[in-house]
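Fold and contact review
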Amino acid sequence: MTLAGRHILLVIAGGIAAYKCLDLIRRLRERGAQVRCVLTKAGSHFVTPMALAALSEQPVFEDLFALTDDFGMSHIRASRESDLLVVAPATANLIAKMAHGLADDLASTLLLASDKPILLAPAMNVVMWNHPATQANLAILRNRGVFQVGPGTGEMACGEEGAGRLAEVPLILDAIATALGGGGPLTGRRALVTSGPTFEPIDPVRYIGNRSSGKQGHAIAAALSRLGASVTLVSGPAALPDPAGVQVVKVETAVEMLAACQTALPADVAVCAAAVADWRVATPAAQKTKKSAGGAPPVFEMTLNPDILATLAEAGPGRPKLVIGFAAETQDLIDHARAKLVRKGCDLIVANDVSAATGTFGGDANQVHLVGADGVETWPSLSKTEVAGRLADRIAALLGERD
Ligand code: CTP
């Protein structure tokens, strides 16, 4: 990926992850980008202007009113000369200021005075990240078209575990390429991805669901987008942020998921990673089902849900060139996956063992086998992000072969 001739304005806010932006600047420079840094007052507690200036080979801007900075009052010019504004790390405070249009220092003023694309790489403590205020502020920014990469999950500098780590530098670089207009091997391709569980109502308050977190499907949508595809992610209920640059359609039931997928067609590739409920209650009760004293437990009549993967894979002019399914199994993995490949008419099955001992459901790692008509390829245990990246590369190669 070359970024030759691209101008990046990098805003560094105050968080321990600020040190990682030093590596980010190096990697951007290696790819030919020109990087100008804006350091907030809080950011200067974590990295020095000297280090930023040395790596970017540009003066660093810190003060809205400094007459010595060649920016002077011309913050409009600074953003006008950039192709992309990247905020890394984006703190809860700076995100809040952006969401509400505050401009009380150089960084927030530049961001408000900009009509250029903006990419946020949030990093903060897990409780701050999960706080409804932060999530609401991010939703405002995403609705305005601001790109987002990460945060990742894992152990944090404060000793807590969870979401809030700055995205790894390679992921930020991919997101920068996407925000700048792609150029990846899937540019011009349309992708449809299903993710998460479905919830099938019993009555207005109860549902039948499953343990799918949506992590794998969301990661695949993000990976396809990073390669330049225009991605629609149809997601069942999942507690995950919307991936950057991806159009997300939120549904609850299998019937809604199928309808949303059909609306999203045509697509070059469809990846069905959702854990769709096989059955639904035939006639959900209109009112909450009461347990009348001493009464017998209710018996629900179930009906089969549509098979979204099989429907998308049906032959016809609207069939995506590549239809990929998952097989979540607890025994006889490969045999079941081979049978599903044939039964559902898809081109590839990504088979994974979801027995409780593997920790796949809800976890961050996945060990998969690619089952195709021409054989089985076994991948090592990888993070779900890595599985998604490899699968996106494979999709790009397979689509190239099918042209
Ligand atoms: N799938 C789907 N629609 C359904 C059921 C499954 O699109 N109604 C897709 C899943 O997204 C996945 C693949 O089919 O890509 C296999 O899902 P899985 O739950 O493993 O298989 P089932 O079809 O439920 O088969 P079985 O119950 O025999 O395991």
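Structure shown above.
The following refers to the structure shown.

**Digging into the pattern of salt bridges**
Inspection of the entire model under this criterion finds 20 salt bridges. Here D105 and K97 are joined by a salt bridge, their closest N and O atoms 3.6 Å apart. In this structure, D307 and K344 form a salt bridge, with 2.7 Å as the shortest nitrogen-oxygen distance. Taken together, the residues D307 in the loop between strand 16 (302-304) and helix 11 (308-313) and K344 in helix 12 (residues 333-344) connect sequence positions 37 residues apart. The partly exposed category is assigned to D307, whose relative accessible area is 29%. Residue classification places K344 among the buried residues on the basis of a relative accessible area of 17%. Residues joined in a network through salt bridges with shared partners are D23, R27, E30 and R31.

**Examining the site of the ligand**
Surrounding the ligand, one finds 15 residues, the nearest of these being C272, A274, F326, K340 and K344. Within the backbone of F326, a nitrogen or oxygen atom sits 2.7 Å from an oxygen atom of the ligand. In the model, an oxygen atom of the ligand is placed 2.7 Å from a nitrogen or oxygen of the K340 side chain. When the ligand sits alone it has 570 Å² of accessible area, and the protein chains cover 80% of it.

**Points about the sheet that holds strand 5 (residues 118-122)**
The strand order 3-2-1-4-5-6 describes an open sheet built from six strands, whose pairing is parallel. The strands lining the two open edges of the sheet, one partner per strand, are strand 3 (60-61) and strand 6 (147-148). Bridge count between strand 4 (residues 84-90) and strand 5: four bridges; the pairing is parallel. Opposite L85, over in strand 5, you have I118 as the bridge partner.

**Notes on the sheet that holds strand 17 (residues 322-329)**
Reading across the sheet, the eight strands line up as 13-12-9-14-17-18-20-21 and stay open at both edges, with mixed pairing between neighbours. Every interior strand has two partners, whereas the edge strands, strand 13 (247-250) and strand 21 (375-378), have only one. Taken over all neighbouring pairs, the strand axes of this sheet differ in orientation by 15° on average, direction set aside. Pairing of strand 12 (residues 230-235) with strand 13, which is carried by four bridges, proceeds in the parallel orientation. Counterpart to L233 in the pairing with strand 13 is V248. Of the strands in this sheet, strand 9 (190-195), strand 12, strand 14 (269-272) and strand 17 touch helix 9 (residues 215-226), which is tilted by about 165° from strand 9.

Rules and cut-offs
- Residues numbered from 1 in each chain as written.
- Predicted model: local features only at pLDDT ≥ 70, side-chain atom pairs only at ≥ 80, totals over all residues.
- Heavy atoms only, no water.
- Salt bridge = Lys/Arg side-chain N within 4 Å of Asp/Glu carboxyl O.
- Helix = DSSP H or I, 4+ residues; strand = E, 2+ residues; numbered from the N terminus.
- Buried < 20%, exposed > 50% of the residue type's maximum accessible area, 1.4 Å probe, protein only.
- Near = heavy atom within 4 Å.
- Polar contact = N/O pair within 3.5 Å; in protein donor to acceptor, adjacent residues only side chain to side chain.
- Areas by Shrake-Rupley, 256 points an atom, 1.4 Å probe, with all protein chains shown as cover.
- Pairing = 2+ DSSP bridges.
- Axes fitted to C-alpha atoms, helices over the stretch in contact; angles between N-to-C directions.
- Contact = heavy atoms within 4.5 Å.

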